[in-house]
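Overview (structure and organization)
Chain by chain, the residues run as shown.
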Amino acid sequence: MMMEFSKKPLLLLVVLALGVAGCPIQAGDQIPCVEDVTCPAQYPVCGPAGRCIAGTSGARASVAIVGADGYAPTDLLSGTVRMLVVARATTGVATVRLASGSASFGASSAAAAPPLFAFDVDTTAFADGDVPVTATVVAGDASTGTANGILHVDNSSPPVIARITAFSVGASQAASTGSANISSGGTTKLWASFTGRGNSGATLSCAPACNGTLSATSIANGGNVTVTGSVNGALTYTLTVAPSTGPSVMSNLTINVVPPANATSLTTIPSVIHQGGSATLTPTFDFGSSPAVPGTATIVGTDGSMYSNLVTGIGVQVAPTVPTTTYSLQVSNAAGTPAASVPTATVTAALGTWSPLNNITFDVLRGATVTALDNGKVLIAGGVDGINPPVSTAILCDATGACVSRAMGTRRAFHTAVKVDSGPNAGKVLLAGGYTASGPATPTSSAEFYDPGADAFANTTAVTTGTVTAARARHIAVFFSPTTILIAGGTDGGTVLNTAIKYDISTATPTTANVSNTMVQPRASFTGTLVSGKVLIVGGEAGDLTAELFDPAGAGAFSSTGALPAGEDKRSHTAVLIGGASTNSGKVLISGGVNGAGSGTPSSTQFLYAPGSGTFTSAASMATARSNHAAISLSTDSVLICGGTDGTNDLKSCERYDPASGTQYPTAPLMEARTDFGFAPITISSLVEILAAGGTVSTPTRAFAETYNPN
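Structural notes, computed from the coordinates. (Residues numbered from 1 in each chain as written. Predicted model: local features only at pLDDT ≥ 70, side-chain atom pairs only at ≥ 80, totals over all residues. Heavy atoms only, no water.)

The next subject is the overall build of the protein chain. From N to C terminus, the protein chain includes two helices and 56 strands. Taking 27 Å as the expected radius of gyration for a compact globule of 711 residues, we find that the protein chain reaches 47 Å, considerably beyond that expectation. In terms of overall dimensions, the protein chain has a C-alpha envelope of 140 × 65 × 45 Å along the principal axes. Relative to its full complement of 711 residues, the protein chain shows a buried share of 47%. Total accessible area computed for the protein chain in this model is approximately 29,200 Å², and 54% of it derives from carbon and sulfur atoms. In the protein chain, which carries 30 positive and 39 negative side-chain charges, the distance between the mean positions of the two groups comes to 3 Å. (Helix = DSSP H or I, 4+ residues; strand = E, 2+ residues; numbered from the N terminus. Rg over C-alpha atoms; globule rule 2.2 N^0.38 Å. Buried < 20%, exposed > 50% of the residue type's maximum accessible area, 1.4 Å probe, protein only. Areas by Shrake-Rupley, 256 points an atom, 1.4 Å probe, with all protein chains shown as cover. Lys, Arg positive; Asp, Glu negative; His and termini not counted. Charge placed at Lys NZ, Arg CZ, Asp CG, Glu CD.)

So this is what it looks like as C-alpha cells:
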C-alpha cells in the first residue's frame, strides 16, 4: 500500500518545532508554512510561496495523514493496519475521523499520544488497488480541517520487504543506544521499529542461554520489552522480523550485565606531610567477579583534586593544596552503580618554613649557645669546629639580619648561657663553664656576663662575677626567680660530676654557695627544666633510669622523682615545658637522645613528665631517631624538634609535637644540617619566629643562621 498526502506533514512538524524551540518571529514572508494554522499571530496567513504573511486567516484546525504504522509509503498493504493521523486546533481538538467514502474506521486499540491519533483499517474490506482516505478534525469552536491520502491495497500476494529501522536499548526510547551496561539485578528496555509485519510482532532472543532475562520474546513495532540482568556477562540480543513473504531480517545489540563493584579501603603513607610535600594513597577495590567490562575508580580530594586510571593495590602520589584534605575512593561498576562503601583517607599538610636570616656566611660551630635578649636581638656565643680551640667571640644578630661580632673574655664551647630576668643584673646573660681547648677538652670554671646595655662582655674577671666551684662542661644552668641560678653536673674533663651550686646574682657581684646535697647520680649531657617551681633533672649517665627534682627552698636540695621508662637512660636529649591550655599543658616533653652503654644509640622515643604525679608516660615517637638536637616550645604551644644526628649523619629534618592531640607531624627541614646547636625566639615583622644557629662546621655556601616561621 502506498500513502499519498494532500498536505506536507514533515514540513508542518518542522515549522512547529521552530516555534517550540523559541526561534524569534521574523519579518513577513520569511517563516515557512504549509497552512494558516502553522503561522504565528503576527503573520497568520500561509501565502502562496509557502511563507507566513500578514492578513486575516480563517483557518482554525489542521490535520494530516502520517501513514500506516510500520510501513513505508511504497509498501503494499494487506490485512489490518494501524493508520496514524496528526491533528491540531487552536481551540483544541474535539474529534478526529478517518474514513474512506462512507466507511469510517474505528480508533485503534493501541492508542497514540496527541497530536497523533491512531485508527485500525481492515484492508480486506476493499478491492486491491488504490483506496482514497480522508481525515477530518473538528476544533473546539466547530471549525474543521481535512486531509486526503491513498492506501495501496494488495491482499493477494503482497511483496512486503521486511526492514528494521531501529533496535536499541535504554530506559527510554529517546535515550536508547546500540549497547548498554546494567548492574546485576537491574533492568532496562529493548526498543524496536520495523516494517514488513504490519501489526504482527517480531521475535526476540538472547545468547548465551539468556532468554530468561526477557519479559517477552516478541515485540511490537514501536514497542518495548523489559530486560532484567539475571545473568552476568556480555549478552547478545537478536531482533528477527519475518514478513509474510520474503526473507527475514535480523539486528543484534549487546547488553553487559555486570556485578556490583567493591571499594575496600584507601590508605595513606604518611598521613601528615610537610606543606608542599606528597603522600601515597593506596586504593583497594574490584569490579566484581569477572565483569564483562570494567568499571571506574577515582580518588577525589576535598581540595578539588581528582586521580583516575587507578589500579588496585598500586599507590598514587598526592600533593594536597590545603592544610587538611580528605580523599574518597569512588568506585562504580560499568553500569555506573556506585560501590556500597566509599573509603576515605585524610592527609594533613603541616605548616612551617625556614629562611636564611641573612646572606652572610660565618662559622657554624658546635656547642655554641643561642640566647634571646630583651632588646629583641639574639646572642650566639662560643662554639668549636672540632679542629681548632673553641672561639672567644660571640655574634649579635637582630631581626633585620644584621649581625656583629663581640669579643668574649674566655673561649667556650658546650657551656651554658642564662638570661637574668630580675635584680641588678636583669637583662644580662651569664655564660658559665665550657671547654676551652680543641677536642673539645679542658673545661673552665670561669663565668662572665654579656651586658646588652654596654653591648660588651664587660667585667669578665672571676673576681667580678664569681667562679663556678668546679671546672665543668656539658652541665646545666637554670634561672630561679628572683635572683638565683642553679649550675649542676657536667664533666671536668675526666670525671662526670654530681655537684651543684647556687649562683646568687642578687648583687652586682654574684656570690656562690654549694647546694646542701649532691645529685642522686653524676650526670653530663643531661637536661634541667624549671617546672612548678622546681628543676626536673633527667638523664646524663649510661644505664641510669633515675630522675630527680631540685627544690630551691632554703639551701636547696635534690630528691628522687619517678623513674624513667625502661631502657630510657637518656643523654644528649631535649626537654621542653609544654605551655597552652591542652591536657598536656605543664608537662615536660623528653625527646630523643642516646640510650644504652658506651656512646649509645640515637632514639626516636618521647615521653611526658607530669609534675603532679611525678611520673613519666610514653608519648608519640618522633619520625626520626636523633640525639644532640634542639627543641623549643612555639607560640602555637606545639614543640619544634630539629637536627641532631642519627648516629651516622647530621640531620636537617624537623618535626613538631602537638600536645593537644598528642601526635607527631613533620614540618619543613632546616636549610643546613646541624648538631649540638641552639634555638631562640626572635620577633620578625611582629611574628615570633625561631632562630637556629650553631651546629656543624660551615662551608662558604652555608648560612650562619636561619629562621623558622611556624605558620
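Past the structure itself, the notes keep going.
This part is about the layout of surface pockets. Roughly 1,800 Å³ of internal volume is contained in the largest pocket. In terms of lining residues, the largest pocket is bounded by 49 residues, among which V370, A417, A575, A631 and F679 are the most central. Mapped by element, the contributors of at least two residues to the lining of the largest pocket are strand 27 (369-372), strand 31 (416-419), strand 36 (476-480), strand 40 (527-531), strand 44 (574-577), strand 50 (630-633), strand 54 (677-684) and strand 55 (687-694). Of the residues forming the lining of the largest pocket, the biggest block, five residues, is contributed by strand 54. For the lining of the largest pocket, the class distribution of residues is 26 nonpolar, 18 polar and five charged. In this structure, the second largest pocket occupies an estimated 450 Å³ of space. Contributing to the lining of the second largest pocket are 22 residues, with D69, G70, F194, N221 and G222 lying nearest its centre. Of all the secondary structure elements, the ones that give two or more residues to the lining of the second largest pocket are strand 4 (80-89), strand 10 (163-169) and strand 12 (187-195). Per element, the largest residue contribution to the lining of the second largest pocket is three residues, and it comes from strand 12. By residue class, the composition of the lining of the second largest pocket is seven nonpolar, 11 polar and four charged. (1 Å grid on protein atoms, 1.4 Å probe; cavity = no way out; pocket = protein on both sides within 12 Å on 5 of 7 lines; lining within 4 Å. Points joined across faces, edges and corners; volume = space filled by probe spheres on them. Nonpolar A, V, L, I, M, F, W, Y, C, P; charged D, E, K, R; others polar.)

What follows covers the packing of aromatic side chains. What describes a pair of aromatic rings is the distance from one ring centre to the other and the angle between the planes of the rings. Overall, the coordinates contain 11 aromatic pairs when judged by the stated rule. Relative to F457, the ring of Y450 has its centre 5.1 Å away and its plane inclined at 55 degrees; by these criteria the two rings are tilted. Relative to F558, the ring of F550 has its centre 4.9 Å away and its plane inclined at 45 degrees; by these criteria the two rings are tilted. Per residue, the accessibility class of F550 equals that of F558, and both read buried. An aromatic cluster is built from W354, F677, F679 and Y708, whose rings are joined through pairwise contacts. One Lys or Arg, K428, reaches over the ring of F449 and ends 5.5 Å from the middle of that ring. Positioned above the aromatic ring of F414, the side-chain terminus of R474 is 4.0 Å from the ring centre. (Phe/Tyr/Trp six-rings, centres within 6.5 Å; stacked < 30°, edge-to-face > 60°. Lys NZ or Arg CZ within 6 Å of the ring centre and 35° of its normal.)

As a further point, take the nonpolar core. Among the nonpolar cores identified, the biggest contains 25 residues, and M83, L98 and V121 are the most heavily contacted of them. Contact partners of L98, with chain neighbours within four places excluded, come to I65, M83, V85, A103, S104, F105, F119, V121, V133, T134 and A135. If you look at the next biggest cluster of nonpolar residues, it comprises 23 residues, including I182, L204, L235 and Y237. (Core = buried A, V, L, I, M, F, W, Y, C linked by side-chain atoms within 4.5 Å. Contact = heavy atoms within 4.5 Å.)

Glancing now at the environment of P114. Relative to the assigned elements, P114 resides in the loop between strand 6 (103-104) and strand 7 (116-122). On the basis of relative accessibility, which here comes to 62%, the residue P114 falls in the exposed class. Sequence-wise, P114 and P48 are 66 residues apart; in three dimensions their C-alpha atoms are separated by 29 Å.

Quick look at the sheet that holds strand 10 now. Spatially, three strands are ordered 10-12-15 in an open sheet, and the strand pairing comes out antiparallel. Of all strands in the sheet, those bounded by a partner on one side alone are strand 10 and strand 15 (224-228). Sheet twist, expressed as the average angle between the axes of neighbouring strands with direction ignored, equals 20 degrees. Sheet topology places strand 12 next to strand 15; five bridges connect them, and they run antiparallel. Counted as the bridge partner of T188 is V227 from strand 15. (Pairing = 2+ DSSP bridges. Axes fitted to C-alpha atoms, helices over the stretch in contact; angles between N-to-C directions.)

Looking now at the state of the cysteines. Under the counting rule described, the total for this entry stands at three disulfides. Bridging C206 to C210, the disulfide has an S-S length of 1.8 Å. Because the sign of the S-S torsion sets the handedness, a value of about -85 degrees for the bond joining C206 and C210 places this disulfide among the left-handed ones. In this structure C210 comes out as buried when scored by relative accessible area, which is 0%. One disulfide in the model links C397 with C403; its S-S distance is 2.1 Å. Across the S-S bond of C397 and C403 the torsion is about 115 degrees, and the bridge reads as right-handed. Accessibility assignment for this pair places C397 and C403 in one class, buried. (Disulfide = S-S within 2.5 Å.)

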